[in-house]
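# Tertiary structure, described
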Amino acid sequence: MKALVVCGSMRKNGNTNILADEFIKGAKEAGHEAEKVSLRDLTFGDCFGCRACHGNGGICVQKDDIGNVLEKMKSADVIVLASPMYYFTWTGLMKRFLDRTYPLLPILKNKDFYLITLGGVPDKKYMANILSDFSMYVGCFKEFNQVGCRVAGNVIATSALKPGAVRESKALEEAYELGKNI
Ligand SMILES: Cc1cc2nc3c(=O)[nH]c(=O)nc-3n(C[C@H](O)[C@H](O)[C@H](O)COP(=O)(O)O)c2cc1C
């Protein structure tokens, strides 16, 4: 299997990157291919909303760093969205990226989607909104009659405010195991 982990945290050595790296470690140790893309390192604009991509076979009119990521998504079997919770959903950086995946709506087939998320809150019940956003995002591919795109799992860490806090969390082991078992 081939996994692509898209990281939407602005903190280079923050909690999201720690869990994303742990997922990748598990995946690689199980013999899978796994790669991380850090959105903070890319240059890209907002989706223009022109919808040209739906009339031209899925090519975005913007020539920036996103084209390469979309190609990686197409060739992956597993797509992991890794983002801290900001105001009970993913970061603006992640949202800006997800909007740019619009060219893939009529194209992406047979992908297992995972979510890695975390926040300062002490209980998983506060993750309901981001879990719903994730499920709705993946559901959009099904709405376009794309087969085999599904929510395959998630890792959630709570009480994770300071960078490194997840090292004390059982989410670290869960991320590793999830990567191992894709
Ligand atoms: C702008 C902003 C909004 C945040 N909103 C939430 C929130 O709604 N719920 C929560 O539990 N934590 C929230 N947090 C805390 C972050 O999720 C937490 O610090 C997390 O560890 C950041 O992940 P990172 O280390 O990967 O950057 C917020 C942090 C920032 C900076």
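Residues numbered from 1 in each chain as written. Predicted model: local features only at pLDDT ≥ 70, side-chain atom pairs only at ≥ 80, totals over all residues. Heavy atoms only, no water.

## Considerations on the site of the ligand
The environment of the ligand is made up of 16 residues, and the closest members are Asn15, Thr16, Met85, Gly120 and Ala160. The separation between an oxygen atom of the ligand and a polar main-chain atom of Asn15 is 2.8 Å. One nitrogen or oxygen atom from the side chain of Thr16 is found 2.6 Å from an oxygen atom belonging to the ligand. Isolated, the ligand exposes 640 Å² of accessible area, and the fraction of that covered by the protein chains is 80%. In this structure, the ligand is accommodated by the largest pocket. Looking at the shell around the ligand, its residues break down into nine nonpolar, six polar and one charged. (Near = heavy atom within 4 Å. Polar contact = N/O pair within 3.5 Å; in protein donor to acceptor, adjacent residues only side chain to side chain. Areas by Shrake-Rupley, 256 points an atom, 1.4 Å probe, with all protein chains shown as cover. 1 Å grid on protein atoms, 1.4 Å probe; cavity = no way out; pocket = protein on both sides within 12 Å on 5 of 7 lines; lining within 4 Å. Sits in = over half its atoms within 2 Å of the grid points. Nonpolar A, V, L, I, M, F, W, Y, C, P; charged D, E, K, R; others polar.)

## Let's talk about the side chain of Thr91
Among the structural elements, Thr91 can be located in the loop between β3 (78–84) and α3 (92–99). Polar side-chain contacts of Thr91 include one of 2.7 Å to the backbone oxygen of Gly8. Ignoring any residue separated from it by four or fewer positions in sequence, one finds Thr91 in contact with Gly8, Ser83, Pro84 and Tyr86. (Helix = DSSP H or I, 4+ residues; strand = E, 2+ residues; numbered from the N terminus. Contact = heavy atoms within 4.5 Å.)

## Points about helix α2 (residues 66–75)
Helical geometry note: an α-helix holds 3.6 residues per turn, so side chains three or four residues apart project in the same direction. By the burial criterion, the buried members of α2 are Ile66, Val69, Leu70 and Met73. Across the axial projection of α2, the buried residues extend over an arc of 100 degrees, all falling on one side. Those residues of α2 hidden inside the fold are in contact with β1 (2–7), β2 (33–38), β3, α3 and α4 (128–143). (Buried < 20%, exposed > 50% of the residue type's maximum accessible area, 1.4 Å probe, protein only. Arc of directions from axis to C-beta.)

## A look at unusual backbone geometry
In this model, Phe88 sits at a positive phi of 65 degrees, which is unusual for a non-glycine residue. In this structure Phe88 comes out as partly exposed when scored by relative accessible area, which is 40%. Not every positive phi belongs to a glycine, and Ser159 is a case in point at roughly 50 degrees. Examined against the element boundaries, Ser159 turns out to sit in the loop between β5 (150–157) and α5 (171–180). Overall, the relative accessible area of 47% leaves Ser159 in the partly exposed class.

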